[in-house]
Amino acid sequence: MTPHSIGRPGRRHVVVVGAGPAGLSAARAAAEAGARVTVLDASHATGGQYWRHAAGPHEQLTDEELRLQHGWDTYCVLDAAVRSHPAVELVTRAQVWAAERHDDGPRLHVLVGEPDDAGRVPLTFSPDAVVLATGAHDRTLPFPGWELPGVTTAGAAQALAKADGVAVGSRVLVAGAGPFLLPVAATLAAVGATVLGVHEASRAGALARGWLDRPWRLAGTSGKLLELAGYAAGHVRHRIPYRVGEAVVAAHGHGRVEAVTISRLDPTWAPIAGTERVVEVDAVCVSHGFTPRLELAVALGTAITTERFVDVDVRQRTSSPHVWAAGETTGIAGVDAALAEGWLAGHDAAGGAPDERRARTAVRRRAATHEVARRMAAAHGIPVQGAGSGPGWLRWLTDDTVVCRCEEVTAGRLRDTAAVTCSTDPVSVKLTSRAGLGICQGRMCSAAVTAILGAPGALESRPVAAPVRLGDLARAAGPSA
C-alpha cells in the first residue's frame, strides 16, 4: 500500500492518541460533541495498561481473568460506544512515530501493523485537534543487579499476568513505592505466584502525613478507597506481608536473579547500615511511581511542568494550539481522573460547550481525583534531597551499578564523564557517555541519569518517537495520495 495523508474534510476532525481510559473517554466525548474522531493505539486492543487483556471478544474472558480487572463494566461501555459510533474510526497497532507543528495545525506520522513487520502501512494525519492520552510507564530506580533476568518492572509483571495469565516467577517479591504495588501483588497471587512480600520505600510517617491528613477531603473518592480496601483484603487472604520504609537495594544471581538484598531506609531513602537482609527469590518486580510518555507532547511544543508532566488548563488544553492532553501524561491520579480528564479534553477539542451539565460534572470528578493525586505524591513521592548531595537512594548505587541498561553505562562512568567534560547537562552527557542512546532512548534511565548528574533537564526530545525501520521511513517519505 502507498502512504497517504488524511486531511480535514467538512466537520471538525479530532485524533486521539491512546485508547486507554483517558483516550476512550475523550473519543466518546468528541464524537458525541459532533466531531469526526480517529483513535490511534499501538496495541492490538483497546484498554491501555489499566484494562490490559488478551485479544478477542470481551465475552471470552474467563471468570479468573475478569477478577483481575477493575471497572470492567466501565471499559465495556466505553469500548462499545467508541466502536459503534459512526463518526469514530479505531485504528489499533498504530504507532505514532513522529509529530510535527505546522501553521495550520499538527501533523502525525503513523505506521500501522505489527511492530516487527517490515511492511507496516504509513499514514499521515493532519487533524483540527489532537488529544494526547499516551499514558505513562513505570519509573524504576536502578540498583546493583537490576539488569539480571527476572528483575522486571511491576507494570510488566502485571501486564504479563493480565494478558497471558502467566506469573513472572514462583517466588516473587514486589518493591518500590506507591499504591500500584498492591494490585500488582494481588494479580501475581491470583495467577499462582507466591508473593513473599510488598516492600514500600516510604516510611510510616510519610504515609500517614500523605493519606491521613484531613481525611474528609477524600469523601469524593470512596470508590478508590474501596478498591484499596479490596487489595488489602487480598493481602490478608494470601498472607502477603506489607513492610514500609524498606527497599530492594541489590539483586544477586548467576544468569538470572536468585536473591535480593533488602534494607531499611531513612526518611531520605538512604539505606540504614546494618539493616540489610537477603531473601531468596526467582523474580522481583519493582516500581517507584510512573513517568509520563512525553515524546509527542514535546514534539508538538507543549509546555512541560517542573514535575515533568504536560501542563494543561481547566479544559485540558495545552500551551500548543490544537493540542489537548489527558490522563497520566498530565499527572498520576488514577483511572477516575483519566476518565474525567479524557471527557473534558475530547469535549473541548470537538468544540463542545464548556458550561453544559456534563462538563460541570466532569470538572467536579476531576477535582476529587486530583486530591488523591496530591496525597499519593506526598505519601509515596521520591525524596529529591538527602543529607548529602542528591537524593538518599543514590547511596545504594555503586560505581559499577548499570544505570543505562541498553548501553551498559554505569553510575561511575556517568560521574567520570561529567567530571572530564565539566558538564552535567543531560543531553551533553548522553552524547559523551551513550546513556540514553539505546533502543529505549532513555525512557528507563532518563530520570536516574538526571538525578545522578544533579542537574535539571530530561531526554524526552526525540524527533523519532519510536523505533522505525529505514524502509518504513522511505515509504513514509513517498508521494501522498
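Everything numeric in this text was worked out from a predicted model, so none of it was measured.

Topic: the overall build of the protein
A count of helices and strands for the protein gives 14 helices and 21 strands. Every one of the 481 residues in the protein was classed for burial, and the buried ones make up 54%. For the protein, the accessible surface area stands at approximately 20600 Å², while carbon and sulfur atoms represent 55% of it.

Comments concerning the nonpolar core
Grouped together as the largest cluster of nonpolar side chains are 42 residues, with contacts concentrated most on Leu173, Val260, Trp393 and Trp396. Listed by contribution, the elements that provide at least two residues to this core are strand 11 (171-177), strand 14 (246-252), strand 15 (259-264), strand 17 (283-288), strand 20 (402-404), helix 11 (411-421) and helix 13 (446-453). At 5 residues, the largest contribution of residues to this core is made by helix 13. When neighbours within four sequence positions are excluded, Trp396 is seen to be in contact with Leu141, Pro142, Phe143, Pro144, Ala247, Val249, Leu265, Trp269 and Pro271. Formed by 29 residues, the second largest nonpolar core is a distinct cluster that contains Leu24, Val82, Ala338 and Ala345.

Regarding a positive patch on the surface
On the surface, Arg357, Arg360, Arg364 and Arg365 cluster together into a positively charged patch. Inspection of the secondary structure puts Arg360 in helix 10 (residues 357-380). Classification of Arg360 as partly exposed rests on a relative accessible area of 43%.

Some words on the side chain of His347
Examined against the element boundaries, His347 turns out to sit in helix 9 (residues 335-349). Taking the relative accessible area as the measure of exposure, His347 reaches 4% and is therefore buried. There is a polar contact of 2.7 Å between the side chain of His347 and the backbone oxygen of Ala353.

Quick look at the sheet that holds strand 8 (residues 129-132)
Overall, parallel pairing links the 5 strands, which are arranged 4-3-2-8-19 in an open sheet. Each end of this open sheet is capped by a strand with a single partner; those strands are strand 4 (88-91) and strand 19 (323-325). Each strand of the sheet is rotated relative to its neighbour by a mean of 20°, with strand direction disregarded.

Details of helix 12 (residues 426-433)
Among the residues of helix 12, Pro426, Val429, Lys430 and Ser433 are the ones counted as buried. Take helix 12 and look down its axis: the buried residues cluster within an arc of 110°, on one side only. In this structure, the buried side of helix 12 is in contact with strand 21 (409-410), helix 11 and helix 13. Immediately beyond the C-terminal end of helix 12, within one or two residues, lies Arg434, with a positive phi of roughly 80°.

A word on the sheet that holds strand 17
The 5 strands are arranged 10-17-11-12-13 in an open sheet whose pairing can be described as parallel. Only two strands of the sheet have a single partner each, and these edge strands are strand 10 (151-153) and strand 13 (242-244). Within this sheet the neighbouring strands show an average axis-to-axis angle of 20°, counted without direction. Bridging between strand 11 and strand 12 (residues 194-200) involves 6 bridges; their strand directions are parallel. Bridge assignment links Ala175 to a residue of strand 12, and that residue is His199.

Concerning the packing of helix 11 against helix 12
Packing of helix 11 against helix 12 leaves a shortest axis separation of 10 Å and a crossing angle of 110°. When the axis of helix 11 is compared with that of helix 12, the two are roughly perpendicular. Contact residues: helix 11 offers Arg413, Leu414, Thr417 and Thr421, while helix 12 offers Val429, Thr432 and Ser433. Here the contact of helix 11 with helix 12 is built from residues that sort into 2 nonpolar, 4 polar and 1 charged.

Notes on the packing of helix 11 against helix 13
Put simply, helix 11 and helix 13 touch, their axes get as near as 10 Å, and they point 50° apart. The orientation of helix 11 relative to helix 13 falls into the category oblique. In this structure, helix 11 crosses over helix 13, and the sense of that crossing is right-handed. Facing Ala411, Leu414, Arg415 and Ala418 of helix 11, the residues of helix 13 in contact are Val449, Ile452 and Leu453. Residue composition of the contact of helix 11 with helix 13, by class: 6 nonpolar, no polar and 1 charged.

Concerning the pattern of salt bridges
Scanning the entire structure with this criterion turns up 12 salt bridges. Glu246 is paired through a salt bridge with Arg277; the nearest N and O atoms lie 3.0 Å apart. Residue Glu246 is found in strand 14, and its partner Arg277 is found in strand 16 (residues 277-280); the two are separated by 31 residues along the sequence. According to the relative accessible area criterion, Glu246 is buried, its value standing at 6%.

Focus: unusual backbone geometry
One non-glycine residue, Trp269, lies in the positive phi region at around 75°. Mapping Trp269 onto the fold places it in the loop between strand 15 and strand 16. Since its relative accessible area comes to 2%, Trp269 is described here as buried. In this structure, Gln316 takes a positive phi of about 70° despite not being glycine. With respect to the element layout, Gln316 can be found in the loop between helix 8 (295-299) and strand 19.

Details of the side chain of Ser25
Mapped onto the secondary structure, Ser25 falls in helix 1 (residues 21-32). Judged by relative accessible area, Ser25 falls into the buried class, the value being 6%. Look past the residues within four positions of Ser25 in its chain and what remains in contact with it is Leu78, Leu339, Gly342 and Trp343.

A word on the pairing of strand 11
The element strand 11 is extensively covered by neighbouring structure, given that 6 of its 7 residues are classed as buried. For the handedness criterion, the β-α-β arrangement of strand 11, helix 5 (residues 181-190) and strand 12 is classed as right-handed. The pairing of strand 11 with strand 17 spans 6 bridges and is classified as parallel. Residue Val172 lies in a different strand from strand 17, and its bridge partner there is Ala283.

Rules used in this analysis
Residues numbered from 1 in each chain as written. Predicted model: local features only at pLDDT ≥ 70, side-chain atom pairs only at ≥ 80, totals over all residues. Heavy atoms only, no water. Helix = DSSP H or I, 4+ residues; strand = E, 2+ residues; numbered from the N terminus. Buried < 20%, exposed > 50% of the residue type's maximum accessible area, 1.4 Å probe, protein only. Areas by Shrake-Rupley, 256 points an atom, 1.4 Å probe, with all protein chains shown as cover. Core = buried A, V, L, I, M, F, W, Y, C linked by side-chain atoms within 4.5 Å. Contact = heavy atoms within 4.5 Å. Patch = residues over 30% accessible without salt bridge, like charges linked within 9 Å, V, L, I, M, F, W, Y side chains within 5 Å. Salt bridge = Lys/Arg side-chain N within 4 Å of Asp/Glu carboxyl O. Lys, Arg positive; Asp, Glu negative; His and termini not counted. Charge placed at Lys NZ, Arg CZ, Asp CG, Glu CD. Polar contact = N/O pair within 3.5 Å; in protein donor to acceptor, adjacent residues only side chain to side chain. Pairing = 2+ DSSP bridges. Axes fitted to C-alpha atoms, helices over the stretch in contact; angles between N-to-C directions. Arc of directions from axis to C-beta. Parallel < 35°, antiparallel > 145°, perpendicular 65-115°, else oblique. Nonpolar A, V, L, I, M, F, W, Y, C, P; charged D, E, K, R; others polar. Left-handed = near helix turned anticlockwise from the far one by under 90°. Right-handed = clockwise from strand over helix to strand, strands pointing away.

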